[in-house]
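Here are the chains, one letter per residue:
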Amino acid sequence: MHSVSWSSSLKFVGVFVVGIAVGAFSKPLWKEAVVMINAEGYARLVHACDSAMKSHLIAKQRVVLRPTKIAVTELKAAELGLLDCQPYDLKRKKLLRWGLSDNDLSELALKAIEANAGSLKKVVEVHEFQY
């Protein structure tokens, strides 16, 4: 009888260890799969929203510096362009629900922007805040 309970205990410990291993590795694997499936589409959305925000910032600064009717019209057009950020926001929220963190999404966005930049000068321009 003693060997049966020892055998059962070993099985329990084995199942427990396997459960811990699966738990430890399944989340990173899940996140990696979510990233692989969504990285390209998310990158397109990042670029569209980033471009819209830059255009809006430039148009806003033009109105501040030189408030002409043309500048105001361009600002209104740039404001409509910000609608390109809505699909980005929706995708971001969906990826958060699927288990990615804000840091994961920031890293994806940074990689997308830098991959499109090409040179150090362009990377600096992308990250530079313009007044």
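Since the model is a prediction, treat every value here as computed from it, not as a measurement.

What am I meant to see in the overall build of the protein chain here?
What the protein chain contains, in helices and strands, is five helices and zero strands. Reading the helices (α) and strands (β) of the protein chain from amino to carboxyl end gives α-α-α-α-α. Going through the 131 residues of the protein chain one by one, you find that 19% of them count as buried. Of all intrachain contacts in the protein chain linking residues separated by at least 6 positions in sequence, the fraction that spans at least 24 positions is 63%. Of the accessible surface of the protein chain, which amounts to about 9,900 Å², a share of 66% is contributed by carbon and sulfur atoms.

Just checking my understanding: could you explain a nonpolar patch on the surface for this structure?
Among the surface-exposed residues, Phe12, Val13, Phe16, Val17 and Ile20 lie close enough to one another that they form a single nonpolar patch of about 520 Å² accessible area. Residue position: Phe16 is located in helix 1 (residues 2-65).

Hey, could you run me through the state of the cysteines in this one?
Simply put, the disulfide is a covalent bond whose two ends are the sulfur atoms of two cysteines. Within the structure shown, the criterion is met by one disulfide. Each sulfur in the disulfide pair Cys49 and Cys85 lies 2.1 Å from the other. Its torsion about the S-S bond being 100°, the disulfide of Cys49 and Cys85 is classed as right-handed. Residue Cys49 is found in helix 1, and its partner Cys85 is found in helix 3 (residues 85-97); the two are separated by 36 residues along the sequence. An identical accessibility class is assigned to Cys49 and Cys85; each is buried.

How should the nonpolar core be read in this particular structure?
As a rule of thumb, soluble globular proteins bury nonpolar side chains together. Within the largest apolar cluster, twelve residues are counted, these being Val34, Tyr42, Val46, Cys49, Cys85, Tyr88, Leu95, Leu100, Leu105, Leu108, Ala109 and Ile113. Leave out the neighbours within four places in its chain, and Leu108 touches Val35, Ala39, Tyr42 and Leu100. Ala59, Val63, Ala71 and Ala78 belong to the second-largest nonpolar core, a separate cluster that totals five residues.

Which parts of the structure should I look at to understand the side chain of Asn38?
Turning to its location among the elements, Asn38 is positioned in helix 1. Residue Asn38 is classed as buried on the basis of its relative accessible area of 6%. For Asn38, the side chain forms a polar contact with the side chain of Lys91, separated by 2.8 Å.

Reading guide: rules and limits
Counting from 1, residues in each chain are numbered in the order their sequence is written. Owing to the predicted nature of the model, reporting of local features is limited to residues with pLDDT of at least 70; listing and counting of side-chain atom pairs is limited to 80 or more, with chain, interface and lining totals taken over all residues. To obtain the side-chain values, all non-hydrogen atoms of the structure were used and water was disregarded. For helices the rule is a DSSP run of H or I covering at least 4 residues; for strands it is a run of E covering at least 2, with both sets numbered from the N terminus onward. Working definition: with a 1.4 Å probe on protein chains only, accessible area under 20% of the residue-type maximum means buried, over 50% means exposed, and in between means partly exposed. In what follows, residue pairs with any heavy atoms lying within 4.5 Å of each other are defined as contacts. Accessible surface is estimated by sampling points in the Shrake-Rupley manner with a 1.4 Å probe; for residues, cover comes only from the protein chains shown. Patches draw on residues past 30% relative accessible area with no salt bridge. Two like charges within 9 Å are joined, as are two nonpolar side chains (Val, Leu, Ile, Met, Phe, Trp, Tyr) within 5 Å. The term salt bridge refers to a pairing of a side-chain nitrogen on Lys or Arg with a carboxyl oxygen on Asp or Glu at a separation within 4 Å. In this description, a disulfide is simply a cysteine sulfur pair whose atoms lie within 2.5 Å. In this description, a nonpolar core means a group of buried Ala, Val, Leu, Ile, Met, Phe, Trp, Tyr and Cys residues linked to one another through side-chain atoms lying within 4.5 Å. Two N or O atoms count as a polar contact when they lie within 3.5 Å, although within protein this holds only if one can serve as hydrogen donor and the other as acceptor, and sequence-adjacent residues are included solely when both atoms are side-chain atoms.

Geometric values such as these leave the question of function open.
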